[in-house]
Amino acid sequence: AKAVAHRIELLGHAYALSTNTIAQEVSQALVEERVVALLSGFFAALALLLASVGVYGLMSYTVTRRTREIGIRSALGARQTTVLWLILRDALALGLGGIALGIAGALASNRLIAGLLFGISPRDLPTIVGVSLLLLGVALFSSYLPARRASHIDPTAALRME
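Residues numbered from 1 in each chain as written. Predicted model: local features only at pLDDT ≥ 70, side-chain atom pairs only at ≥ 80, totals over all residues. Heavy atoms only, no water.

A. Spotlight on a nonpolar patch on the surface. Residues V31, V35, L39, F42, F43, L46, L49, L50 and V53 make up a contiguous nonpolar surface patch of about 860 Å² in total accessible area. By secondary structure assignment, the location of F43 is in helix α3 (residues 31–65). (Patch = residues over 30% accessible without salt bridge, like charges linked within 9 Å, V, L, I, M, F, W, Y side chains within 5 Å. Areas by Shrake-Rupley, 256 points an atom, 1.4 Å probe, with all protein chains shown as cover. Salt bridge = Lys/Arg side-chain N within 4 Å of Asp/Glu carboxyl O. Helix = DSSP H or I, 4+ residues; strand = E, 2+ residues; numbered from the N terminus.)

B. Region of the structure containing the packing of α3 against helix α7 (residues 125–151). Look at α3 against α7: their axes get within 8 Å of each other, and the N-to-C directions meet at 30 degrees. Considering how the two elements wind past one another, α3 and α7 form a crossing that is right-handed. Here α3 contributes L48, S52, V55, Y56, M59, S60, V63 and T64 to the contact with α7, which in turn contributes L134, L135, V138, A139, S142, S143, L145, P146, R149 and A150. When the residues that make up the contact of α3 with α7 are grouped by side-chain class, the tally is 12 nonpolar, five polar and one charged. (Axes fitted to C-alpha atoms, helices over the stretch in contact; angles between N-to-C directions. Left-handed = near helix turned anticlockwise from the far one by under 90°. Contact = heavy atoms within 4.5 Å. Nonpolar A, V, L, I, M, F, W, Y, C, P; charged D, E, K, R; others polar.)

C. Here's a closer look at the nonpolar core. Core analysis: the largest hydrophobic core is formed by 12 residues, namely V55, M59, V63, I70, V83, I87, L88, A91, A147, A150, I153 and A158. Of all elements in the fold, only α3, α5 (80–108) and α7 reach the threshold of two or more residues within this core. No other element matches the four residues that α5 contributes to this core. (Core = buried A, V, L, I, M, F, W, Y, C linked by side-chain atoms within 4.5 Å. Buried < 20%, exposed > 50% of the residue type's maximum accessible area, 1.4 Å probe, protein only.)

D. Focus on the pattern of salt bridges. Evaluated as defined, the whole model comprises three salt bridges. Linking R66 and E69 is a salt bridge whose minimum nitrogen-to-oxygen distance equals 2.9 Å. Of the residues examined, R66 reaches a relative accessible area of 18% and is grouped as buried. For E69, a relative accessible area of 28% gives the class partly exposed. When the shortest N-O distance is used, the salt bridge between D90 and R66 registers 2.6 Å. With a gap of 24 residues between them, D90 in helix α5 and R66 in the loop between α3 and α4 (67–75) connect regions that are remote in the sequence. Overlapping salt bridges bring together R66, E69, R73 and D90 as one network.

Here it is, written out as structure tokens:
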């Protein structure tokens, strides 16, 4: 590149000198796509965080509303693991319902999102399964603390409430 630049300088200043490697040209051509991908990733992480906080709030509210029922179950001999599973099962049903609606919506709108995807199709099974498992894990993780709190409810204190 230096030898070519020297030869062009000898020809005069009428010729513009700009040399780039192919990697630099490709990098410049993909700047817009990288920005869109970075912003999409940021907003996806933000949406995942908001969904996690929402599931946590909903399950915490559910545990608060069902304190008396959980206290009765504990008084009648329900083990802590049974109560834990009772709350986690509700979160699992909520997560599976959301995943089913999300997959249906994604498959219905695959023509709209096909232009935004590079290298994968809108019906890519490993991606759909991976995202579904991630969302299910987030739902179970965010509902674990309310479920654990529910499993440690004192039956006598719960029956005295209200």
